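# A look at the structure
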Amino acid sequence: SASYDLSASTFSPDGRVFQVEYAMKAVENSSTAIAIRCKDGVVFGVEKLVLSKLYEQGSNKRIFNIDRHVGMAVAGLLADARSLSEVAREEASSFRSNYGHDIPLKHLSDRVAMYVHAYTLYSAVRPFGCSFILGSYDKDDGPQLYMVDPSGISHVSTHTHARTHMKEMTCREIVKEVAKIIYIVHDEVKDKAFELELSWVGEVTNGRHELVPKDVREEAEKYAKTREQADSMFIVGSI
Amino acid sequence: SMLKETGPEWLSEEVKTGTTIIAIEFDGGVVLGSDSRVSAGSSVVNRVMNKLSPLHDKIYCALSGSAADAQTIAEMVNYQLDVHSLEIDEDPQVRSAATLVRNISYKYKEELSAHLIVAGWDRKNKGQVFATLNGLLTRQPFAVGGSGSSYVYGFVDAEYRKGMNKEECQQFVVNTLSLAMNRDGSSGGVAYIVSIDEHGTEEKVILGNDLPTFFDQ
């Protein structure tokens, strides 16, 4: 990788674009964000590391709202992710303006992925150093989950990673499992303080993406703390 | 001095689809209907024009007002829906088609003089009828338009019942068109009927002498 990694417009002899791979490293080294698609919705959870005691609780959110019906959880460079959330909002807004209804999640994911991909083509810019998960729930199409990475690929969530029984669980049950997973992956030694950010979109919220209410979150955290030492662990759609 | 010759009126008059158009929703689909007269002033320039224009496989629109304006809007939206359905990789919603028509009608409302009624079937909301007059967008159980519609408002208001099935809707449309075509000088010719439901789209023509007759015939 001597001189093949200086710009995104250069291939290495073995066909790699190092700048894109380095961008993915920013995601790998970030704290965890996960989303689980279950029977009646999608639940998002983020292990949000608190870098300073001076920060107010709830600041530097890593879960965004895109339109009313789409949630977006991010990992990697937060500034890059914020900029992309604005791109996603703009796409959703102009779709609604042109076509009169909610943007379908696959289309939104494809559009934002195309935008991310464009930044991997030129030496004048750098790729986005973040991945994000998009989720929504619609009473006709059900819960849907997509993930976009710095290379600009839009991945659809299938059930290949999930244990079957999670598919059948409801949002209320999955919220607790998501909290549990975040608590399990959190490394107490390496990173001290963290805040658990939880949000959901599903039948329970009538298709609107919202942060999980305080009482549900407290119940989930209680469950997560007591089950930390637990048994088997599954991470699905995690980045 | 002599006034300059302006030639026959019909050369300078705008070509209008005088028209009667109607669309009605039933449980599972829609029925659209139109007459076939195109007039330039008092001259009929086309007596067999089909004013029911496809926007997509299961979405049609009915044209009225200026023939050129209406056709152009329909063709533009047909194109936009083609691209849109490829982008989202599924059949477009009727609301999307209606919104596209409305956006053009509203943006260019000072320059255009056409009213399109959009009707069709989609998986999410089944049969839907949208009116887009003057750049508004509203879903209605049925809609009528064109110069002939003034003569049949009373008829449709009195005869419409909720929960009509496809055949009853087709009969309702044919009766309305026939009455309007009888009274409106700018409507006439044959009746075109399009029925759209989950299973497909069916186009029908009813020739003048096969149209239902009323008290004066």
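Data block above holds the structure.
Quick look at the structure, then.

Calculation criteria
- Residues numbered from 1 in each chain as written.
- Chains lettered and ligands numbered in written order.
- Predicted model: local features only at pLDDT ≥ 70, side-chain atom pairs only at ≥ 80, totals over all residues.
- Heavy atoms only, no water.
- Contact = heavy atoms within 4.5 Å.
- Buried area = accessible area lost by both parts, 1.4 Å probe.
- Salt bridge = Lys/Arg side-chain N within 4 Å of Asp/Glu carboxyl O.
- Polar contact = N/O pair within 3.5 Å; in protein donor to acceptor, adjacent residues only side chain to side chain.
- Helix = DSSP H or I, 4+ residues; strand = E, 2+ residues; numbered from the N terminus.
- Buried < 20%, exposed > 50% of the residue type's maximum accessible area, 1.4 Å probe, protein only.
- Phe/Tyr/Trp six-rings, centres within 6.5 Å; stacked < 30°, edge-to-face > 60°.

We now examine the interface of chain A and chain B. If you look at the interface, chain A gives 12 residues, while chain B gives 11 residues. Taken over both partners, the interface formed by chain A and chain B buries close to 1,100 Å², and the fraction arising from carbon and sulfur atoms is 48%. Lys124(B) is the partner of Asp141(A) in a salt bridge, and the nearest nitrogen-oxygen pair spans 3.0 Å. Scanning the region where chain A abuts chain B turns up 8 residue pairs in polar contact (both at pLDDT 80 or more). Where the side of chain A that touches chain B is concerned, the elements lending two or more residues are α2 (78-99) and α3 (105-118) of chain A. No other element matches α2(A), which puts 4 residues into the side of chain A that touches chain B.

Take the environment of Val125(A) next. All names here are of chain A. Within the secondary structure layout, Val125 lies in the loop between α3 and β5 (130-138). Classification of Val125 by relative accessible area gives partly exposed; the value is 33%. Residues Val125 and Ala73, 52 residues apart in the sequence, show an inter-C-alpha distance of 24 Å.

This part covers the pattern of salt bridges. All names here are of chain A. Considering all chains together, one arrives at 24 salt bridges over all chains under this definition. Between Glu21 and Arg16 there is a salt bridge, and its shortest N-O distance comes to 2.9 Å. Glu219 is paired through a salt bridge with Lys176; the nearest N and O atoms lie 3.6 Å apart. You can see Glu219 sitting in helix α6 (residues 214-226) and its partner Lys176 sitting in helix α5 (residues 171-185), a full 43 residues away along the chain. According to the relative accessible area criterion, Lys176 is partly exposed, its value standing at 24%.

Another aspect to go through is the side chain of Ser178(B). Relative to the elements of secondary structure, Ser178(B) occurs in helix α5 (residues 166-183). Setting aside residues up to four positions removed in sequence, Ser178(B) forms contacts with Leu211(B), Pro212(B) and Phe214(B).

The next point concerns the packing of aromatic side chains. For the structure shown, the criterion picks out 10 aromatic pairs over all chains. A centroid spacing of 5.1 Å and a plane angle of 70 degrees characterise the contact between Tyr183(A) and Phe194(A), whose relative ring orientation is edge-to-face. Pair noted here: Tyr183(A) is in helix α5 and Phe194(A) is in strand β8 (residues 194-202), with a separation of 11 residues, a long-range link. Tyr183(A) gets classed as buried once you look at its relative accessible area, which sits at 9%. Overall, the relative accessible area of 17% leaves Phe194(A) in the buried class. Ring geometry for Phe155(B) and Phe172(B): centres 6.2 Å apart, planes at 20 degrees, overall stacked. With Phe155(B) in helix α4 (residues 153-159) and Phe172(B) in helix α5, the pair connects residues that are 17 residues apart, well separated along the chain. With relative accessibility at 22%, the residue Phe155(B) sits in the partly exposed group. Residue Phe172(B) is classed as buried on the basis of its relative accessible area, which comes to 5%.

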